[in-house]
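# Observations on the three-dimensional arrangement
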Amino acid sequence: MTQPRRYVLTGGPGVGKTTLIQALRRRGHLVVREAATDVIAARQAQGCAEPWREPEFVDAVARLQHRRRIAADAEGDLQIHDRSPLCTLALARHLGRPVGPDLAAELDRIVRQRSYQRLVFLIGPLGFVTRTAARQIGYAESLAFARVHEQVYAAYGHRLVDVPAGARCTSGSR
């Protein structure tokens, strides 16, 4: 079996990564959903209003990402990921949290195995952020958070390809 070709879409919150991922899925590509939003939704359903403040949050995201990556490997070798463990590292840094054991293990694994393609697609901001129950971040903070992503990916040897908002908006395409 060949090494899976895993491509990552990254960027700040609310830039349209999930919308792009959904469009790629509709076109028949194997995509892997972002994990943090689902961790947040599950904890909010259990009554925790701000799960990102919990000490275990970052590791919970890393565990779900790991499970989704393993499941995707069983489906095919060309995968498009809405975020990666490096995004979770950026999240930990943005939140001022230490790297817990689950995230540390996943980071070690992806570095050792070179799990993701070196080319990473950095989705540019739209000029606004729409708040949701899971996304309680303003536009200025989302830009700062995106810079943390850029720094993390660069530090781990990835080459970022800028995908500006205008490049995603072509007339007649849906």
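Everything here concerns the structure above.
To start, this report covers the structure provided alongside it. No experiment lies behind these values; they were computed from the predicted model shown.

Moving on, we get to the overall build of the protein chain. A count of helical and extended segments in the protein chain gives 6 helices and 5 strands. Shown N-terminal to C-terminal, the secondary structure of the protein chain runs as helices and strands in the order β-α-β-α-α-β-α-α-β-α-β. Taken over C-alpha atoms, the radius of gyration comes to 16 Å for the protein chain, in line with the 16 Å a tight globule of 174 residues would show. Overall size of the protein chain, expressed as C-alpha extent along the three principal axes, is 40 × 40 × 30 Å. Among the 174 residues that make up the protein chain, the fraction classed as buried is 43%. Intrachain contacts of the protein chain at a sequence separation of at least 6 include 78% that bridge at least 24 residues. Carbon and sulfur atoms make up 54% of the accessible area of the protein chain, which totals about 9,200 Å². Computed over 26 positive and 16 negative side-chain charges, the inter-centroid distance for the protein chain is 5 Å.

Another point: the nonpolar core. The biggest cluster of nonpolar side chains holds 29 residues, and the ones touching the most others in it are Phe-57 and Leu-103. For this core, the secondary structure elements donating two or more residues are α2 (36–45), α3 (57–75), α4 (85–95), α5 (101–113) and α6 (139–155). Dropping the residues within four chain positions of it, Leu-103 is found in contact with Val-58, Asp-59, Ala-62, Pro-85, Thr-88, Leu-89 and Ala-92. Membership of the second largest hydrophobic core comes to 7 residues, among which are Ile-21, Ile-80, Ile-123 and Val-163.

Okay, unusual backbone geometry next. Located in the positive-phi region is Arg-83, a residue other than glycine, with phi close to 85°. Turning to its location among the elements, Arg-83 is positioned in the loop between β3 (78–82) and α4. Phi is positive for Arg-114, close to 50°, though the residue is something other than glycine. Among the structural elements, Arg-114 can be located in the loop between α5 and β4 (119–123).

Enumeration over the complete set of coordinates arrives at 0 aromatic pairs. It is Arg-6 that lies over the ring of Tyr-116; its NZ or CZ is 5.9 Å from the centre.

Each strand in a sheet pairs with its neighbour through backbone hydrogen bonds, running either in the same direction (parallel) or in the opposite one (antiparallel). Across the sheet, 5 strands lie side by side as β2-β3-β1-β4-β5; this open sheet has parallel pairing. Bordering the open sheet on either side are β2 (30–32) and β5 (159–163), each of which pairs with just one other strand. Here the average twist between neighbouring strands, direction ignored, is 30°. As paired strands, β4 and β5 are joined by 5 bridges and run parallel to one another. The residue of β5 that forms the bridge with Leu-122 is Asp-162.

The rules behind each value
- Residues numbered from 1 in each chain as written.
- Predicted model: local features only at pLDDT ≥ 70, side-chain atom pairs only at ≥ 80, totals over all residues.
- Heavy atoms only, no water.
- Helix = DSSP H or I, 4+ residues; strand = E, 2+ residues; numbered from the N terminus.
- Rg over C-alpha atoms; globule rule 2.2 N^0.38 Å.
- Buried < 20%, exposed > 50% of the residue type's maximum accessible area, 1.4 Å probe, protein only.
- Contact = heavy atoms within 4.5 Å.
- Areas by Shrake-Rupley, 256 points an atom, 1.4 Å probe, with all protein chains shown as cover.
- Lys, Arg positive; Asp, Glu negative; His and termini not counted.
- Charge placed at Lys NZ, Arg CZ, Asp CG, Glu CD.
- Core = buried A, V, L, I, M, F, W, Y, C linked by side-chain atoms within 4.5 Å.
- Phe/Tyr/Trp six-rings, centres within 6.5 Å; stacked < 30°, edge-to-face > 60°.
- Lys NZ or Arg CZ within 6 Å of the ring centre and 35° of its normal.
- Pairing = 2+ DSSP bridges.
- Axes fitted to C-alpha atoms, helices over the stretch in contact; angles between N-to-C directions.

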